[in-house]
Amino acid sequence: MIQLLITRFTVLVLILSSFLGYTQEKKKFSSIPNILQQIDPDHKIDSWVLVYNSYGKEEEIKTSGKVNYTPQFSGFNLFPTEDSFYYIAYSSGGNVGYVTNTEDLKKFVGKINNAQEAAVILAAEGYMVDEEFKDLAGNYHEDQSNYYLDLGKLTSRECPYQKTHYTITVNKSTGEIAHVKDNGTYIELYNKKCANNPRLLKIEKKEEPKDEPKKTNKRR
């Protein structure tokens, strides 16, 4: 009897340890291309290709079948950048379509199947995987019910340029955002033109050095 109780207790401890470890283990997101490669569209798509355009040079990041598509001149980003973008060309029912913004990307993904797709869909809400600050805004963990994503968001384009990081809870069953926790600002950048640049304000407050009176040599 005692041995049976010990065995049951041991099993219970192992289950709880496994569950706690599963819920608390944080994983950093990989690169943006690797995140996008985890997309598995739920809609009836015959074939599709993910294209990366950098400075006008295109590279097919992922292909699923063959699509005869026309190169696009604009697209979406999961991380703000002015020099590159992604787009998806797909074939469905004999027609070719394009995904060139995050809202259409959200529709293309459909039901969330993994944490990477959750991050992709949240891009439509302005959230991003910040590859420069993954400890704060580029990681996730999960349990049986939810994904918990630590992501960044550009919260000010004015002076100072500002990013804030959040923990977003996404329900696995519904794909809906269950909770958003604001973790505060993690970066502020000022430029030379910022009227409220603290460095410039300090310089302006400094008093200009007073001119010393000129010494005159008097002849005796």
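Residues numbered from 1 in each chain as written. Predicted model: local features only at pLDDT ≥ 70, side-chain atom pairs only at ≥ 80, totals over all residues. Heavy atoms only, no water.

Caption draft 1: The arrangement of the overall build of the protein chain in detail. When helices and strands are counted, the protein chain shows six helices and ten strands. Counting all 220 residues of the protein chain, 35% fall into the buried class. Of the roughly 14,900 Å² that the protein chain leaves accessible, carbon and sulfur atoms contribute 50%. (Helix = DSSP H or I, 4+ residues; strand = E, 2+ residues; numbered from the N terminus. Buried < 20%, exposed > 50% of the residue type's maximum accessible area, 1.4 Å probe, protein only. Areas by Shrake-Rupley, 256 points an atom, 1.4 Å probe, with all protein chains shown as cover.)

Caption draft 2: Inspection of the pairing of strand E10 (residues 177-189) at higher detail. In the sheet, strand E9 (residues 161-171) pairs with E10 via nine bridges, with the strands oriented antiparallel. Across the sheet, the residue bridging to Val170 is Ile177, located in E10. (Pairing = 2+ DSSP bridges.)

Caption draft 3: Quick look at the side chain of Thr169. Its place among the elements puts Thr169 in strand E9. Taking relative accessible area as the criterion, Thr169 reaches 10% and is therefore assigned buried.

Caption draft 4: Quick peek at the pairing of strand E2 (residues 47-54). Buried residues dominate E2, accounting for six of its eight residues. Bridging between E2 and strand E3 (residues 57-64) involves seven bridges; their strand directions are antiparallel. Considered in E3, the bridge of Val49 is made with Thr63. Between E2 and E3, which pair antiparallel and follow one another directly, the connecting turn spans two residues, one of which, Tyr55, has a positive phi of 55°.

Caption draft 5: The arrangement of the state of the cysteines in detail. On inspection of all chains with the given rule, the structure shows one disulfide. Between the sulfur atoms of Cys159 and its disulfide mate Cys194 the distance is 2.0 Å. For the disulfide bridge between Cys159 and Cys194, the dihedral angle about the S-S bond is near -85°, and by the sign convention the bridge is left-handed. Linking Cys159 in the loop between strand E8 (146-156) and E9 with Cys194 in the loop between E10 and helix H6 (198-205), this pair joins segments that are 35 residues apart in sequence. Cys194 gets classed as buried once you look at its relative accessible area, which sits at 3%. (Disulfide = S-S within 2.5 Å.)

Caption draft 6: Molecular detail of the environment of Gly97. Within the secondary structure, Gly97 is located in strand E5 (residues 95-99). Looking at Gly97, the relative accessible area reads 13%, which means it is buried. On a C-alpha basis, the gap between Gly97 and Tyr69 in space is 8.5 Å, while along the polypeptide they are 28 residues apart. If sequence neighbours within four positions are ignored, Gly97 has contacts with Ile88, Ala89 and Tyr90. (Contact = heavy atoms within 4.5 Å.)

Caption draft 7: Spatial organisation of the sheet that holds E5. Strands sit in the order E3-E2-E4-E5 across an open sheet of four strands; the sheet is antiparallel. Both edges of this open sheet fall to E3 and E5, since each of them pairs with a single strand only. Across the sheet, the axes of successive neighbouring strands diverge by a mean angle of 20°, strand direction being ignored. Pairing of E2 with strand E4 (residues 84-92), which is carried by eight bridges, proceeds in the antiparallel orientation. (Axes fitted to C-alpha atoms, helices over the stretch in contact; angles between N-to-C directions.)

Caption draft 8: Highlighting unusual backbone geometry. The omega angle of the peptide bond from Cys159 to Pro160 is -5°, so this bond is cis rather than trans. Assignment of secondary structure puts Pro160 in the loop between E8 and E9. With phi around 55°, Tyr55 is a residue other than glycine that occupies positive phi space. Relative to the assigned elements, Tyr55 resides in the loop between E2 and E3. A relative accessible area of 66% places Tyr55 in the exposed class.

Caption draft 9: Structural view of the side chain of His165. Inspection of the secondary structure puts His165 in strand E9. Judged by relative accessible area, His165 falls into the buried class, the value being 10%. When residues no more than four places from it in sequence are discounted, the contact partners of His165 are Leu136, Ala137, Leu151, Gly152, Lys181, Asp182, Asn183, Gly184 and Tyr186.

Caption draft 10: Local environment of the pattern of salt bridges. Tallied over the entire structure, the rule returns five salt bridges. As a salt-bridge pair, Lys28 and Asp135 come within 2.8 Å of each other at their nearest N and O atoms. Note that Lys28 is positioned in strand E1 (residues 27-28) and Asp135 in helix H5 (residues 134-137), a separation of 107 residues in sequence. Like Asp135, Lys28 is exposed. Residues Glu142 and Lys172 are paired through a salt bridge, measuring 2.8 Å at the closest nitrogen-oxygen approach. With Glu142 in strand E7 (residues 138-142) and Lys172 in the loop between E9 and E10, this pair connects stretches of sequence that are 30 residues apart. (Salt bridge = Lys/Arg side-chain N within 4 Å of Asp/Glu carboxyl O.)

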